[in-house]
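The chain contents come next:
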Amino acid sequence: MDVQALRARADELMAQFERMRSGVGDLQQQLKTVAATVTSDDGLVSVTVGPRGQVTKVEFDPRIYRRPNSKELSATVTETIRRATEQAMADVERLLRPYVPDSQFQAYIDHDLDGIFRQLDSDLPGEDKR
């Protein structure tokens, strides 16, 4: 086992930990305020989504009652929710990016603990990799 490589990796992990620890309070506050509001292309539906992709508000323009097509309305609401969720997730990713190494970022976003641990294992020096 290469002691210098192991020491360098430990230093890198400690620096990452310190970065996370020093900014975690601000990060938590910023994450709590993430909200994405998207309006449908026709302007009749607005959806607001929170930081975990949860729908927090749906608004309908009164003109929507002039077009009583429930399938079209359903498709519009669904697409607007999808776009708002996508935007909120992009905001969350932007906030988290400085705190998570690129090699582990997607696993963190996907809440994939196995993937995180696999990446950590592969980063460790040594011949006996599993």
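For the structure itself, consult the block above.
Residues numbered from 1 in each chain as written. Predicted model: local features only at pLDDT ≥ 70, side-chain atom pairs only at ≥ 80, totals over all residues. Heavy atoms only, no water.

**Some points on the pairing of strand β3 (residues 55–60)**
The side chains of a regular strand alternate, residue by residue, between the two faces of the sheet. Spelled out, the test is: Any two strands with at least two DSSP-identified bridges between them are counted as paired. Strands are runs of DSSP state E lasting at least 2 residues, helices are runs of H or I lasting at least 4, and numbering of each runs from the N terminus.
Where strand β2 (residues 45–49) meets β3, 5 bridges bridge the pair, whose relative direction is antiparallel. Considered in β3, the bridge of Thr 48 is made with Lys 57.

**Quick word on a nonpolar patch on the surface**
For the record, the criterion: Patch membership requires more than 30% relative accessible area and the absence of a salt bridge. Residues of like charge join within 9 Å; the nonpolar side chains Val, Leu, Ile, Met, Phe, Trp and Tyr join within 5 Å. Shrake-Rupley sampling with a 1.4 Å probe provides the accessible areas, and residues are treated as covered by the protein chains on show and by no other component. Any Lys or Arg side-chain nitrogen located within 4 Å of an Asp or Glu carboxyl oxygen qualifies as a salt bridge.
Among the surface-exposed residues, Val 55, Val 58, Phe 60 and Leu 73 lie close enough to one another that they form a single nonpolar patch of about 290 Å² accessible area. Counting residues per element, the nonpolar patch draws most heavily on β3, at 3 residues. Relative to the helices and strands, Phe 60 is located in strand β3.

**Here we look at the pattern of salt bridges**
Where charged atoms from two side chains of opposite charge approach closely, those side chains can pair. Just so we agree on the cut-off: Exposure classes here rest on a 1.4 Å probe applied to the protein chains alone. A residue is buried below 20% of its type maximum, exposed above 50%, and partly exposed in between.
With the rule as written, the count across this model stands at 8 salt bridges. Its salt-bridge partner being Arg 83, residue Asp 41 comes within 3.5 Å of it at the nearest N-O pair. Linking Asp 41 in the loop between β1 (36–39) and β2 with Arg 83 in helix α2 (residues 70–96), this pair joins segments that are 42 residues apart in sequence. A relative accessible area of 75% places Asp 41 in the exposed class. Of the charged contacts, one joins Asp 42 and Arg 67 as a salt bridge, the two residues approaching to 3.2 Å between their closest N and O atoms. Taken together, the residues Asp 42 in the loop between β1 and β2 and Arg 67 in the loop between β3 and α2 connect sequence positions 25 residues apart. The partly exposed category is assigned to Asp 42, whose relative accessible area is 29%. Taken together, the shared-partner salt bridges connect Asp 42, Arg 67 and Glu 72 into one network.

**Describing the sheet that holds β3**
How we decide: What counts as an axis is a line fitted to C-alpha atoms, over the stretch in contact for a helix, and the angles between N-to-C directions run from 0 to 180 degrees. Residue contacts are defined here by distance: any two heavy atoms, one from each residue, within 4.5 Å place the two residues in contact.
Ordered in space as β1-β2-β3, the 3 strands form an open sheet in which the pairing is antiparallel. Two strands lie at the open edges of the sheet, namely β1 and β3, each paired on one side alone. Pairwise comparison of adjacent strand axes, ignoring direction, gives a mean angle of 15 degrees for this sheet. Across the sheet, α2 is in contact with β1, β2 and β3; its angle to β2 comes to roughly 35 degrees.

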